[in-house]
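Here is what each chain is made of, one letter per residue.
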Amino acid sequence: MEVNIHEAKTHLSRLLERVVIGEEVVIAKAGKPVAKLVAIKRSALKVKFKLGSAKGEFVVPDDFNDPLPKEIEDLFWK
């Protein structure tokens, strides 16, 4: 399917619905194709890291949630 820029801006949500079901949408300017909307493959959305992979690499101090000293806290509220 090919649409002009104005139509793409006006109907972007509808065009994206078509892309989700597998269609490709070409956006043209003055009749010349300039961009293509295509669905992203699920594999491209996979997380590139594993949760917990930094375990043991740093330590959170026991006083992490304690209030800051007044002189440091004052720096945030000036």
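Analysis parameters
- Residues numbered from 1 in each chain as written.
- Predicted model: local features only at pLDDT ≥ 70, side-chain atom pairs only at ≥ 80, totals over all residues.
- Heavy atoms only, no water.
- Helix = DSSP H or I, 4+ residues; strand = E, 2+ residues; numbered from the N terminus.
- Buried < 20%, exposed > 50% of the residue type's maximum accessible area, 1.4 Å probe, protein only.
- Patch = residues over 30% accessible without salt bridge, like charges linked within 9 Å, V, L, I, M, F, W, Y side chains within 5 Å.
- Areas by Shrake-Rupley, 256 points an atom, 1.4 Å probe, with all protein chains shown as cover.
- Salt bridge = Lys/Arg side-chain N within 4 Å of Asp/Glu carboxyl O.

Caption draft 1: Representation of the environment of His6 in the model. Among the structural elements, His6 can be located in helix α1 (residues 5–10). What makes His6 exposed here is its relative accessible area of 60%. Here the alpha-carbon distance between His6 and Glu17, two residues eleven residues apart in the chain, equals 18 Å.

Caption draft 2: Up close: a nonpolar patch on the surface. Together, Leu68, Ile72, Leu75, Phe76 and Trp77 make up an exposed nonpolar region whose accessible area comes to about 630 Å². Looking at the secondary structure, you find Ile72 in helix α3 (residues 70–76). Accessibility expressed as a relative area gives 35% for Ile72, which makes it partly exposed.

So, to be careful, I would describe these as geometric facts and stop short of saying anything about function.
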